[in-house]
Amino acid sequence: MATRRFEATEPELAALYEDLSETSLQPLWELRGLLTPTPVVRGVPYRWAGEHLRELGARAGELVPVDRGGDRRVLACCNPGLDGAPYAVSTLWAAVQYLRGFEMAPAHRHTPAALRFVVEGEGVWTLVDGDPVRMSTGDLVLTPSWTFHEHHNPTADPMIWMDVLDLPVVAALDAVFFEPGPSEETARTTAPRSSSEAWFGGGPGLVPVDGPALPARRSPLLAYRWADTERALEAQLAARTGGHARIRYSDPVRGGDVMPTMRCEMERLRPGTTTAPVRQTGGQVTCVLHGTGRITVGSGDQAQVFDLAPGDIVAIPSWAPRSVSADTQLDLFTTSDAPVLEALNLFRTETVAEASA
Ligand code: 1HN
């Protein structure tokens, strides 16, 4: 199949270009923009307001049965710079999922890994390879690559949460596989504590000696509870100067990120605190758990300032400086593809001089 044909006035060169095109070849000397001094990023800074996500999720809940389209009632955050692709930034899917009371989203598994972050509500259980993991406000719940997962809501009340997946990375690598779960409906199991937390959530620095085999390259702990996260943030604020604490969720046994493709962090800012603008390679998605303030994404003419309120989801494209200011105390969850960039030796981060931010 012919590829793009380049023009030339000189007849022999024009003939060469025609033959190249017919042979699916392109001359590098005519190509522009392949190697740029800094990343050319199509995704733009963007914020989806929590208020809208809640309202539109509830309307979808009224109108659309959960079994339509992939067995999940999900609204995907589509970055306006990405030509309609359902991605928040070029490397991360972010969405809200809405499950009505007594509903069930059946089991399936796929190679893209997912995480759930709960901004409000409780009562839904996610079964990860059959292990029942309760989801409550402020919790981070993992459904790693190729684990079966299903959600069920035994309560009368709807629940909404944020899903982030590494789908764009897995799709770019042509490595997407999907499989529905067993067709017979599994028991809607609940338990006060998941087996993963019983084994690996024992407490600071306490890991089992002869526990279950560790899964390869991802955390064996599937839920990180808000009470533990908040305790760690408060302890850090008490130990350090300034009003900004930041923690990273990690594999409790081997250290390192919770999954090979996504880094997860939580930060707390005291009222009146502003963070220095920092940029990094790769995309980030920030979700507001508590509080109000502002986030500045980008620099110079392209800087965007968004007000922040609970439930907001913000896209931070690669290399865009990110700075946050807290009006009230502000708790922000952030996930990124940093482990991918680190594994490939492509991760860069720097604090940007305030003047140029
Ligand atoms: C998925 O499996 C879930 O299991 C949510 O809750 C969102 C978006 C794309 C592909 C798979 C879920 C998803 C998804």
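The structure this text deals with has already been given above.
Residues numbered from 1 in each chain as written. Predicted model: local features only at pLDDT ≥ 70, side-chain atom pairs only at ≥ 80, totals over all residues. Heavy atoms only, no water.

Engineer: How do you make sense of the site of the ligand when you look at a structure like this?
Structural biologist: Taken together, Arg 72, Val 74, Trp 93, Gln 97, His 108, His 110, Arg 116, His 149, His 151, Asp 163 and Leu 165 form the complete shell of residues around the ligand. At 2.7 Å from an oxygen atom of the ligand is found a side-chain nitrogen or oxygen belonging to His 110. Within the contact set of the ligand, an oxygen atom lies 3.0 Å away from a side-chain nitrogen or oxygen of Arg 116. Protein contact buries 86% of the 330 Å² of open area that the ligand shows by itself. Of all the secondary-structure elements, those providing two or more residues to the shell around the ligand are β3 (93-99), β4 (104-110), β9 (149-152) and β10 (159-165). (Near = heavy atom within 4 Å. Polar contact = N/O pair within 3.5 Å; in protein donor to acceptor, adjacent residues only side chain to side chain. Areas by Shrake-Rupley, 256 points an atom, 1.4 Å probe, with all protein chains shown as cover. Helix = DSSP H or I, 4+ residues; strand = E, 2+ residues; numbered from the N terminus.)

Engineer: Can you walk me through the packing of aromatic side chains in this structure?
Structural biologist: In this description, an aromatic ring pair is defined by two values, namely the gap between the centres and the angle between the planes. Within this structure, the stated rule accounts for six aromatic pairs. When the ring of Tyr 17 is compared with that of Trp 29, the centres are 6.4 Å apart and the planes differ by 40°; the resulting orientation is tilted. Residue Tyr 17 is found in helix α1 (residues 11-22), and its partner Trp 29 is found in the loop between α1 and β1 (46-48); the two are separated by 12 residues along the sequence. Since its relative accessible area comes to 54%, Trp 29 is described here as exposed. Here a set of aromatic residues connected by ring pairs shows up, and it is made of Phe 117, Tyr 224, Tyr 249 and Phe 333. (Phe/Tyr/Trp six-rings, centres within 6.5 Å; stacked < 30°, edge-to-face > 60°. Buried < 20%, exposed > 50% of the residue type's maximum accessible area, 1.4 Å probe, protein only.)

Engineer: When you look at the sheet that holds strand β5 (residues 114-120) in this model, what are you seeing that I'm missing?
Structural biologist: The strands that make up a sheet are held in pairs by hydrogen bonds between backbone atoms, and each pair lies either parallel or antiparallel. Strand order across the open sheet formed by six strands is β2-β3-β10-β5-β8-β12, with antiparallel pairing between neighbours. A strand with exactly one partner marks an edge of an open sheet, and here the two such strands are β2 (74-76) and β12 (223-224). Two strands pair when backbone bridges link them, and β5 and strand β8 (residues 140-143) are joined in this way by four bridges, in the antiparallel orientation. Residue pairing across strands places Arg 116 opposite Val 141, the latter belonging to β8. (Pairing = 2+ DSSP bridges.)

Engineer: How should I be thinking about the nonpolar core in this particular structure?
Structural biologist: Nonpolar side chains in soluble globular proteins generally cluster together in the buried interior. In terms of nonpolar packing, the biggest core is built from 51 residues, with Leu 115, Phe 117, Tyr 249, Met 266, Ile 313 and Phe 333 touching the most fellow members. Examining the composition of this core, we find that five residues originate from one element, β10, more than from any other. Core analysis: the next-biggest nonpolar cluster, separate from the first, contains 13 residues, Ile 295, Val 297, Ala 320 and Leu 330 among them. (Core = buried A, V, L, I, M, F, W, Y, C linked by side-chain atoms within 4.5 Å.)

Engineer: Looking at this structure, how should I read unusual backbone geometry?
Structural biologist: Glycine aside, residues mostly have negative phi, and peptide bonds are mostly found in the trans state. Here Asp 83, not a glycine, exhibits a phi torsion of approximately 55°, which is positive. Note on Asp 83: relative accessible area 69%, which makes it exposed. In this structure, Asp 174 is a non-glycine residue whose phi angle is positive, near 50°. Secondary-structure assignment places Asp 174 in the loop between α3 (167-172) and β11 (178-180). Note on Asp 174: relative accessible area 70%, which makes it exposed.

Engineer: Got a minute to help me understand empty space enclosed by the protein in this structure?
Structural biologist: A water-sized probe rolled over the atoms picks out the places where empty space is left. As enumerated under the stated definition, the model contains one cavity of 30 Å³ or more in all. Here the largest cavity is characterised by a volume of approximately 110 Å³. Lining the largest cavity are 13 residues, and of these Arg 54, Val 96, Val 119, Ile 160 and Gly 311 lie nearest its centre. Counting residues per element, the ones that place at least two in the lining of the largest cavity are α2 (50-63), β5 and β10. Of the residues contributing to the lining of the largest cavity, the split by class is nine nonpolar, two polar and two charged. (1 Å grid on protein atoms, 1.4 Å probe; cavity = no way out; pocket = protein on both sides within 12 Å on 5 of 7 lines; lining within 4 Å. Points joined across faces, edges and corners; volume = space filled by probe spheres on them. Nonpolar A, V, L, I, M, F, W, Y, C, P; charged D, E, K, R; others polar.)

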